[in-house]
There are 2 protein chains.
Amino acid sequence: MDRTDQNVIDGSALELNPTERTVETVLRVASMALSIASLVIMFKNSISNDFGSLSYSTLGAFKYLVTANGLCATYSLLSAIFVIIIQCPISKLRLWTLFLLDQVVTYAVLAAGTVSAEMLYLAYKGNLNITWSSACDYYGVFCHKALVSAILTFLVCILYVSLSFISSYRIFSRYEAPKQ
Amino acid sequence: MDRTDQNVIDGSALELNPTERTVETVLRVASMALSIASLVIMFKNSISNDFGSLSYSTLGAFKYLVTANGLCATYSLLSAIFVIIIQCPISKLRLWTLFLLDQVVTYAVLAAGTVSAEMLYLAYKGNLNITWSSACDYYGVFCHKALVSAILTFLVCILYVSLSFISSYRIFSRYEAPKQ
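Only a predicted model underlies this, so the values are computations on that prediction, with no experimental measurement involved. (Residues numbered from 1 in each chain as written. Chains lettered and ligands numbered in written order. Predicted model: local features only at pLDDT ≥ 70, side-chain atom pairs only at ≥ 80, totals over all residues. Heavy atoms only, no water.)

A.B. asks: What is the right way to read the overall build of chain A from this model?
C.D. replies: Across its full length, chain A carries 5 helices and 4 strands. Helices and strands appear in chain A in the N-to-C order α-β-α-β-β-α-β-α-α. In chain A, which comprises 180 residues, the share counted as buried stands at 52%. Relative to all contacts within chain A whose residues are 6 or more apart in sequence, the contacts with residues 24 or more apart total 81%. Accessible surface for chain A amounts to roughly 8,200 Å². Of this, 68% is attributable to carbon and sulfur atoms. (Helix = DSSP H or I, 4+ residues; strand = E, 2+ residues; numbered from the N terminus. Buried < 20%, exposed > 50% of the residue type's maximum accessible area, 1.4 Å probe, protein only. Contact = heavy atoms within 4.5 Å. Areas by Shrake-Rupley, 256 points an atom, 1.4 Å probe, with all protein chains shown as cover.)

So this is what it looks like as structure tokens:
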């Protein structure tokens, strides 16, 4: 007998009420939509003018943003399907796996948002001390689109932080310490 | 009667065994030590030569790294004291607060590590497309010290991810769904 079966049998399992299931599905589908929007905006973002040419693939931070959003969109879709079709009671092992994967995706998306924000900060402001000019003076449209993509990534991050908090709160509020 | 008292009375509380208490204290004290080391290295990091002068305060990413490490060191100290002196049984409310604050610090430290890593990546490599030269060709010692500081910050992040996983696993492994 595996641990999942044991959890179901000994009562350490959980029911999801319809409202919870709906809220979680909406959050996951919204994350998927925002991730795809952010990915597409950045993926199609390129500019070519008298100063040169630039695309997302020439900047490491934006390449990572595209990768992380692709990962997040895929996971959001799969986890939304899981939440919709999963039969109750759900074993603790499955809940814990979902919780851990949510955490990993949150970290990955947060990292994508912050490296892109740092890249954009430098691109908009430049830095006189290290003689880096403001690249956005020459590539304005590229920067604006990249900014929109980074903001969408931060929104995805907020949704995933909410999902992590919801799943941890569910455990904290519903489970009790075993009676001695 | 507040919720904390209720949790203790209804049995939804937790004992910490001595090994757990020791492991958690060691992780928190190690995080504090690494955060302080990272903060001090970055805080004292400055260079002045024929090309100009540079210090942590002239670069936004490194200013944020110093702030986040200061916050993390303070929280690590306070939470280590909390774990040492807290009397068992610990209420779920306190455990949840600790868990949530651990999460917030993990996010803050991860963000500090990633923005610094992006800054260093650009400083070492430069970017021809946007005519940014490799600043580390001129400020090598500054870059090396900043790299050490960023690596220490990532180590702190790994310790905090471990702390978050330990505290969530503790809940998942010890608590049971209430019998209907």
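A.B. asks: Just to check I follow, could you spell out the pairing of strand 3 (residues 52–55) of chain A for this structure?
C.D. replies: It is a general feature of regular strands that their side chains alternate between the two faces of the sheet. All names here are of chain A. Judged from the 4 bridges that link them, strand 2 (residues 46–49) and strand 3 form a sheet pairing that is antiparallel. The partner of Ser 46 across the bridge, within strand 3, is Ser 55. Hairpin connection, strand 2 to strand 3: the antiparallel pair is bridged by 2 residues. (Pairing = 2+ DSSP bridges.)

A.B. asks: In this structure, what is going on with a nonpolar patch on the surface? I would like to understand it.
C.D. replies: All names here are of chain B. A grouping of Tyr 124, Leu 147, Ile 151, Leu 155 and Ile 158 is seen on the molecular surface, where their side chains present a nonpolar patch of about 420 Å² in accessible area. In terms of residue count, helix 5 (residues 140–174) provides more of the nonpolar patch than any other element does, 4 residues in total. Tracing the sequence through the fold places Ile 158 in helix 5. Taking the relative accessible area as the measure of exposure, Ile 158 reaches 52% and is therefore exposed. (Patch = residues over 30% accessible without salt bridge, like charges linked within 9 Å, V, L, I, M, F, W, Y side chains within 5 Å. Salt bridge = Lys/Arg side-chain N within 4 Å of Asp/Glu carboxyl O.)

A.B. asks: Got a minute to help me understand the UniProt feature "domain: Casparian strip membrane protein" (unreviewed entry) in chain A in this structure?
C.D. replies: The UniProt entry lists residues 20–159 of chain A under the feature "domain: Casparian strip membrane protein" (unreviewed entry), expressed in the numbering used here. The distance separating the terminal C-alpha atoms of residues 20–159 of chain A is 15 Å; by composition the span is 74% helix and 7% strand. (UniProt positions renumbered as here; feature names shortened; annotations may be inferred.)

A.B. asks: Sorry, what's going on with the nonpolar core here?
C.D. replies: Generally speaking, nonpolar side chains in soluble globular proteins are found buried as a group. Counting residues in hydrophobic clusters, the biggest one holds 46 residues, and the most contacted among them are A:Phe62, A:Trp132, B:Phe62 and B:Trp132. Those elements giving two or more residues to this core turn out to be helix 3 (60–85), helix 4 (92–125) and helix 5 (140–174) of chain A together with helix 3 (60–85), helix 4 (92–125) and helix 5 of chain B. Not counting residues within four places of it along the chain, the set of residues in contact with A:Trp132 comprises A:Leu122, A:Gly126, A:Asn127, B:Met119, B:Leu122, B:Ala123, B:Trp132, B:Ser133 and B:Ala135. Listed in part, the 30 residues of the second largest apolar core include A:Cys72, A:Tyr75, B:Cys157 and B:Val161. (Core = buried A, V, L, I, M, F, W, Y, C linked by side-chain atoms within 4.5 Å.)

A.B. asks: Looking at this structure, how should I read the state of the cysteines?
C.D. replies: Simply put, disulfide is the name for a covalent bond between the sulfur atoms of two cysteines. Residues and elements named next belong to chain A. One pass over the structure, following the stated rule, counts 2 disulfides over all chains. In this model Cys 136 forms its disulfide with Cys 143; the gap between the sulfur atoms is 1.9 Å. A torsion of -90° about the S-S bond marks the disulfide between Cys 136 and Cys 143 as left-handed. Overall, Cys 136 belongs to the buried group, its relative accessible area being 8%. (Disulfide = S-S within 2.5 Å.)

A.B. asks: Is there a simple way to explain the UniProt feature "transmembrane region" (unreviewed entry) in chain A in this structure?
C.D. replies: UniProt annotation of "transmembrane region" (unreviewed entry) refers to residues 26–44, 64–86, 98–124 and 147–172 of chain A when read in the numbering used here. A helix fraction of 96% and a strand fraction of 0% characterise residues 64–86 of chain A, whose end C-alpha atoms lie 32 Å from each other.

A.B. asks: Help me understand the confidence of the model for chain A in this model?
C.D. replies: Low pLDDT means the predicted atomic positions in that stretch should not be read closely. Residues and elements named next belong to chain A. Chain-level statistics for chain A give a pLDDT mean of 86 and a share of 87% at 70 or above. Summarising per-element confidence for chain A, the mean pLDDT is lowest in helix 1 (residues 3–9) (43) and highest in helix 3 (95). Both scores are given for the predicted complex: the pTM is 0.87, the ipTM 0.85. (pLDDT = per-residue confidence, 0-100.)

A.B. asks: Whenever I open this one, the environment of B:Ala112 confuses me. Can you help?
C.D. replies: All names here are of chain B. Relative to the helices and strands, Ala 112 is located in helix 4. Between the alpha carbons of Ala 112 and Ala 68 there is a distance of 6.4 Å; along the sequence they are 44 residues apart. With sequence-adjacent residues up to four places away left out, Ala 112 is seen in contact with Tyr 64, Leu 65, Ala 68 and Thr 153.

A.B. asks: Which parts of the structure should I look at to understand the pattern of salt bridges?
C.D. replies: Think of it this way: side chains of opposite charge can pair up when their charged atoms draw near. In the structure shown here, the tally under the stated rule is 4 salt bridges over all chains. Residue B:Arg28 is joined to B:Glu24 by a salt bridge in which the shortest nitrogen-to-oxygen separation is 2.9 Å. Taken as a pair, B:Arg28 and B:Glu24 lie in helix 2 (residues 18–43) at a separation of 4 residues, close to a single helical turn. Neither residue differs from the other here; B:Arg28 and B:Glu24 are each classed as buried. B:Arg28 is paired through a salt bridge with B:Asp102; the nearest N and O atoms lie 2.9 Å apart. On the criterion of sequence distance, the pair formed by B:Arg28 in helix 2 and B:Asp102 in helix 4 is long-range, its members being 74 residues apart. Overlapping salt bridges, with partners in common, bring together A:Glu24, A:Arg28 and A:Asp102 in one network.

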